[in-house]
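Listed below are the residues making up each chain.
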There are 2 protein chains.
Amino acid sequence: MSFVATPLSMHFAEPLPLQSGASLCSYDLSYETYGELNADKSNAVLICHALNASHHVAGVYADANGQVIPKSEGWWDTMIGPGKPVDTKRFFVIGVNNLGSCFGSTGPMQRNPETNEIYGADFPVVTVQDWVNAQARLLDRLGIQTLAAVMGGSLGGMQALSWTLQYPDRVRHAVVVASAPNLTAENIAFNEVARRAIVTDPDFHGGHFYRHGVLPKRGLRIARMIGHITYLSDDVMNEKFGRQLRQAVAESAGAETPYKYTTQDIEFEIESYLRYQGDKFSEYFDANTYLLITRALDYFDPARTHGGSLTKALAHVKAKFLLVSFTTDWRFAPARSREIVKALLDNQRDVSYAEIDAPHGHDAFLLEDERYLGVVRSYFDSKVAA
Amino acid sequence: MSFVATPLSMHFAEPLPLQSGASLCSYDLSYETYGELNADKSNAVLICHALNASHHVAGVYADANGQVIPKSEGWWDTMIGPGKPVDTKRFFVIGVNNLGSCFGSTGPMQRNPETNEIYGADFPVVTVQDWVNAQARLLDRLGIQTLAAVMGGSLGGMQALSWTLQYPDRVRHAVVVASAPNLTAENIAFNEVARRAIVTDPDFHGGHFYRHGVLPKRGLRIARMIGHITYLSDDVMNEKFGRQLRQAVAESAGAETPYKYTTQDIEFEIESYLRYQGDKFSEYFDANTYLLITRALDYFDPARTHGGSLTKALAHVKAKFLLVSFTTDWRFAPARSREIVKALLDNQRDVSYAEIDAPHGHDAFLLEDERYLGVVRSYFDSKVAA
């Protein structure tokens, strides 16, 4: 049993200038904290989230009567908590929900205070850099000048990397898991198909579907199905589902189950699984948030303003790094982490790197794997806490 | 300049029983032939097509005045023709369009002669085995008992393989390019997302959109975009498009082009390319055909009725084989071709195998590559013509 977490919110009345040139006049950030900030405020660890996660990183939620809500564990509960690799008995851990999200921080589902209309498609495009700036303001308000570590997986890892560039003096360690220095053309392509599925759903209404009392669920389902395929490895999909028929599961196994010969009904288990994932996602995720977050992924590219040289981009980084990648991750392949490692070594930075032989594809960064958790634990014990 | 090809059609009045238990009461097959059938009818080569191709395999089309129509080359024109690897001065080559297609052979866009209604979603599910049976009847009518070779890439390769199982005495050689003994869970998953995009398009109307005077173009666009990503390799996408901005192409290059910061407009070149491919496809391809053909892919699995053993499934094959795969093909990876090679070797069959180091992913089987074309040429010269 994990500890009980409490979601918090902080209002920011001062405008936040954004990379696009737009600005948010005021905003709220949802966050959670675990553990205690020490006297000299040197033990804070900021956790940055990826596409569909939130500030609820670890612990469980309780209802009004103090009863633990089943399946309410935070998304990195295996990693963070008392006695866990990022030990909340030692570190003060902060989870923060990013701007543009649909899980509490100001986003497209909320009203623009300047117009009193729901933002919808008018919510400004936000970038990894904008998120980091907003996170820095939260730290200011919490009285934290310097992070012991900033840590994230996937898109969260991009934020951790960006912290070391935007605020080199405020980060001692960056832990970048299953991430990349930018998206490949294929990554962007998958994001774009998902976005097109959402935008061309007749219920999207140019992003102002809230006014029409509908949700572009068809598009969200397709987007999630595409995403889900890319989070898993071919191997793990074959192992979990293979060519197993849906019907065969219901029946007592044995003899060969005949095909149903259908183009629209479910025939294979993998189809059932993907449809279920798509349906579930379309019930809780906001379509405009999906567009915003995938665009933040597309846009991240620190080497871009340095003639494409990541080495030059990372020249003024001061943090020490741990990078972790997973062998079967074809979305953010180990080679992409190695690009970051190389650029840091080119600059004589202190960098540790672990390539974990895991079968689960990109999803591995969220799963329990002793070697992976052991690497992070060892880094926090020997380097961050040192 | 290639030769001029002429599409032909053959009517079959006798019903075709299908694997599903349904049957087609009568049907037409579109086909083309190139070269001359020799006196003992021993030089026929049947070409089987993949997802979005047709009987127009080689040559060009001419208009009523005999003028060549630009860009009308057949889909394997690099491979087949006078003096080409499959040399039509020596072989009588037959291209045939499969049942369920939208390019001439009887399919969902045509009227069911029993009801006089357009088939639409009522067109029966067809399998690779059904296609092969229909192709065998075409050969009967052309007076061809035994094929010198049957040949295809991708789904076409599955048909070539199936020929050797269904009609072992009628095939001397099978040339199976960029294919697989069945689809993996990931392959099925991509097909399923594409199908869901089509089926959930409000203009699909359960597959009877013809009656409503609309086309489910949104779904077809998404389906094609997904497909297109899987036909290319990550490497070739990075080389062709990388992170190039659309705007930067229009402008005279030089300084860093600013992002537009948009979630719905095109920002990257790869997005523009994919949208173009999707738009083009949605103009000419039939939605029900897409469902039928992807399902034929899903269903193909000769090992299924042999307890999952491909070796047992291929025990009675008599043909000699050439298999070709491409190193960067992640849709039908070389390992899948090697499974077929191994099963053939387990049965002491005569098998040649070439793994071509090509950067283009699955698409490589349609492209001009000297080593690839050389391997096929050499096989036809030394083995098929021997």
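Going by the structure above, here's the rest.
Residues numbered from 1 in each chain as written. Chains lettered and ligands numbered in written order. Predicted model: local features only at pLDDT ≥ 70, side-chain atom pairs only at ≥ 80, totals over all residues. Heavy atoms only, no water.

K.L.:
Looking at this structure, how should I read the overall build of chain A?
P.N.:
Assigned secondary structure in chain A consists of 11 helices and 12 strands. Taking 2.2 N^0.38 as the reference for a compact globule, 386 residues should give roughly 21 Å; the C-alpha atoms of chain A span a radius of gyration of 21 Å, in line with that estimate. C-alpha extents for chain A along the principal axes are approximately 65 × 55 × 50 Å. Buried residues in chain A amount to 59% of all 386 residues. When contacts within chain A are restricted to residue pairs at least 6 apart in sequence, long-range pairs at least 24 apart make up 71% of them. About 14,300 Å² of surface is accessible on chain A, with carbon and sulfur atoms providing 49% of the total. (Helix = DSSP H or I, 4+ residues; strand = E, 2+ residues; numbered from the N terminus. Rg over C-alpha atoms; globule rule 2.2 N^0.38 Å. Buried < 20%, exposed > 50% of the residue type's maximum accessible area, 1.4 Å probe, protein only. Contact = heavy atoms within 4.5 Å. Areas by Shrake-Rupley, 256 points an atom, 1.4 Å probe, with all protein chains shown as cover.)

K.L.:
Explain the relation of the copies chain A and chain B to me, please; I cannot follow it from the model alone.
P.N.:
It takes a turn of 180° to lay chain A on chain B, together with a shift of 0.0 Å along the axis; the resulting RMSD is 0.0 Å. With respect to symmetry, the two chain copies, as superposed, fit the operation of a two-fold axis. (Least-squares fit on C-alpha atoms with pLDDT ≥ 70 in both.)

K.L.:
Would you explain the packing of helix α1 (residues 128-141) of chain A against helix α2 (residues 155-166) of chain A in this entry?
P.N.:
Helix packing geometry: the angle between the two helix axes and the distance between the axes. Residues and elements named next belong to chain A. Look at α1 against α2: their axes get within 9 Å of each other, and the N-to-C directions meet at 70°. Classified by the angle between their axes, α1 and α2 sit roughly perpendicular to one another. Along this stretch, α1 crosses α2, giving a crossing that reads as right-handed. Facing α1, whose interface residues are Val128, Gln129, Trp131, Val132, Asn133, Gln135, Ala136 and Leu139, α2 presents Leu155, Met158, Gln159, Ser162, Trp163 and Gln166. A per-class count over the contact of α1 with α2 returns 8 nonpolar, 6 polar and no charged. (Axes fitted to C-alpha atoms, helices over the stretch in contact; angles between N-to-C directions. Parallel < 35°, antiparallel > 145°, perpendicular 65-115°, else oblique. Left-handed = near helix turned anticlockwise from the far one by under 90°. Nonpolar A, V, L, I, M, F, W, Y, C, P; charged D, E, K, R; others polar.)

K.L.:
Even after reading the chapter, I still don't get unusual backbone geometry, so can you show me in this structure?
P.N.:
Most peptide bonds adopt trans geometry, and most residues besides glycine take a negative phi value. Residue and element names in this part refer to chain B. Positive phi, close to 55°, is recorded for Lys71, a residue that is not glycine. Look at Ala178: it is not a glycine, yet its phi comes out positive at around 45°. As for its placement among the helices and strands, Ala178 is situated in the loop between β10 (171-177) and α3 (185-199).

K.L.:
Would you explain the sheet that holds strand β5 (residues 44-48) of chain A in this entry?
P.N.:
Residues and elements named next belong to chain A. If you trace the 8 strands from one edge of the open sheet to the other, you get β1-β4-β8-β5-β9-β10-β11-β12, paired in mixed fashion. The sheet is open, and its two edges are formed by β1 (8-12) and β12 (351-356), each paired on a single side. Averaged over all neighbouring strand pairs, the angle between strand axes comes to 20°, with direction disregarded. Pairing geometry for β1 and strand β4 (residues 27-34), over 5 bridges, is antiparallel. From the neighbouring strand, Leu8 faces β4, where its bridge partner is Tyr31. Sitting on the sheet, α1 is in contact with β1, β4, β5 and β8 (92-96), with an inclination near 100° to β1. Here α2 sits on the sheet and contacts β5, β9 (149-153), β10 (173-177) and β11 (320-326); the angle it forms with β9, its principal contact strand, is near 150°. (Pairing = 2+ DSSP bridges.)

K.L.:
Is there a simple way to explain helix α4 (residues 217-231) of chain B in this structure?
P.N.:
One turn of the α-helix equals 3.6 residues, which is why residues spaced by three or four share an orientation. With 15 residues, α4(B) should cover 21 Å at 1.5 Å per step; its first-to-last C-alpha distance of 21 Å lies within 8% of that length. Counting buried residues in α4(B) gives 12 out of 15 residues, a clear majority hidden from the surface. Among the residues of α4(B), Gly219(B), Leu220(B), Ile222(B), Ala223(B), Arg224(B), Met225(B), Ile226(B), Gly227(B), His228(B), Ile229(B), Thr230(B) and Tyr231(B) are the ones counted as buried. Against α3 (185-199) and α4 (217-231) of chain A together with α3, α5 (234-240), α7 (269-284) and α8 (287-299) of chain B lie the buried residues of α4(B). (Expected span 1.5 Å × (residues − 1).)

K.L.:
Please explain empty space enclosed by the protein as it appears in this structure.
P.N.:
One water molecule sets the probe size; rolling that probe over the atoms shows where empty space is left. Counted under the stated rule, the structure contains 5 cavities of 30 Å³ or more. Considered as a void within the structure, the largest cavity measures approximately 120 Å³ in volume. Taken together, 14 residues make up the lining of the largest cavity; nearest its centre are Ala197(A), Thr200(A), Ala197(B), Thr200(B) and Arg218(B). For the lining of the largest cavity, the secondary-structure elements that each account for two or more residues are α4 of chain A together with α4 of chain B. (1 Å grid on protein atoms, 1.4 Å probe; cavity = no way out; pocket = protein on both sides within 12 Å on 5 of 7 lines; lining within 4 Å. Points joined across faces, edges and corners; volume = space filled by probe spheres on them.)

K.L.:
What should I look at first to understand the nonpolar core in this one?
P.N.:
When a protein is soluble and globular, its nonpolar side chains tend to lie buried together. The biggest cluster of nonpolar side chains holds 261 residues, and the ones touching the most others in it are Trp76(A), Tyr372(A), Trp76(B) and Tyr372(B). Setting aside its immediate chain neighbours within four residues, Trp76(B) contacts Ile47(B), Val57(B), Met151(B), Gly152(B), Gly153(B), Val177(B), Phe365(B) and Tyr372(B). (Core = buried A, V, L, I, M, F, W, Y, C linked by side-chain atoms within 4.5 Å.)

K.L.:
Explanation requested: the pattern of salt bridges in the structure shown.
P.N.:
A side chain with one charge can pair with a side chain of the opposite charge if their charged atoms come near. All names here are of chain B. Across all of its chains, the model carries 42 salt bridges over all chains by this definition. Salt-bridge contacts for Asp201 lead to Arg218; the nearest nitrogen and oxygen are separated by 2.6 Å. Taken together, the residues Asp201 in the loop between α3 and α4 and Arg218 in helix α4 connect sequence positions 17 residues apart. In this structure Arg218 comes out as partly exposed when scored by relative accessible area, which is 24%. Salt-bridge contacts for Asp203 lead to Arg218; the nearest nitrogen and oxygen are separated by 3.4 Å. (Salt bridge = Lys/Arg side-chain N within 4 Å of Asp/Glu carboxyl O.)

K.L.:
Which parts of the structure should I look at to understand the packing of aromatic side chains?
P.N.:
What characterises a pair of aromatic rings is the spacing of the ring centres plus the angle enclosed by the ring planes. Scanning all chains against the criterion turns up 50 aromatic pairs over all chains. Here Phe204(A) and Phe209(A) contribute two aromatic rings whose centre-to-centre distance is 5.8 Å and whose plane-to-plane angle is 40°, an arrangement assigned as tilted. Note on accessibility: Phe204(A) and Phe209(A) belong to one class, buried. With a centroid separation of 5.8 Å and an interplanar angle of 70°, the aromatic rings of Phe103(B) and Phe285(B) are classed as edge-to-face. With Phe103(B) in the loop between β8 (92-96) and α1 (128-141) and Phe285(B) in the loop between α7 and α8, the pair connects residues that are 182 residues apart, well separated along the chain. Taken together, Phe103(A), Phe281(A), Tyr284(A), Phe285(A) and Tyr290(A) form an aromatic cluster joined through their ring pairs. The positively charged end of Arg141(B) is found above the aromatic ring belonging to Phe12(B), 4.8 Å away from the centroid. We note Arg304(B) situated over the ring of Tyr259(A); from NZ or CZ to the ring centre the distance is 4.0 Å. (Phe/Tyr/Trp six-rings, centres within 6.5 Å; stacked < 30°, edge-to-face > 60°. Lys NZ or Arg CZ within 6 Å of the ring centre and 35° of its normal.)

K.L.:
Would you mind showing me how to read helix α2 (residues 155-166) of chain B here?
P.N.:
Residues and elements named next belong to chain B. Under the 1.5 Å per step criterion, the end-to-end length of α2 is 16 Å for 12 residues, consistent within 8% with the ideal 16 Å. Where burial is concerned, most of α2 is hidden: 10 out of the 12 residues are buried. By the burial criterion, the buried members of α2 are Leu155, Gly156, Gly157, Met158, Gln159, Ala160, Leu161, Ser162, Trp163 and Thr164.

K.L.:
Before we go on, may I ask you to explain the packing of α4(A) against helix α7 (residues 269-284) of chain A in this structure?
P.N.:
Residue and element names in this part refer to chain A. Where α4 contacts α7, the two axes come as close as 8 Å, and the packing angle between them is 125°. Overall, the two elements α4 and α7 adopt an arrangement that is oblique. Both α4 and α7 take part in a crossing whose hand is right-handed. Within the contact between the two elements, α4 uses Lys217, Leu220, Arg221, Arg224, Met225, His228 and Ile229 and α7 uses Tyr273, Leu274, Arg275, Gln277, Gly278, Asp279, Phe281, Ser282, Glu283 and Tyr284. In the contact of α4 with α7, the residues fall into 7 nonpolar, 4 polar and 6 charged.

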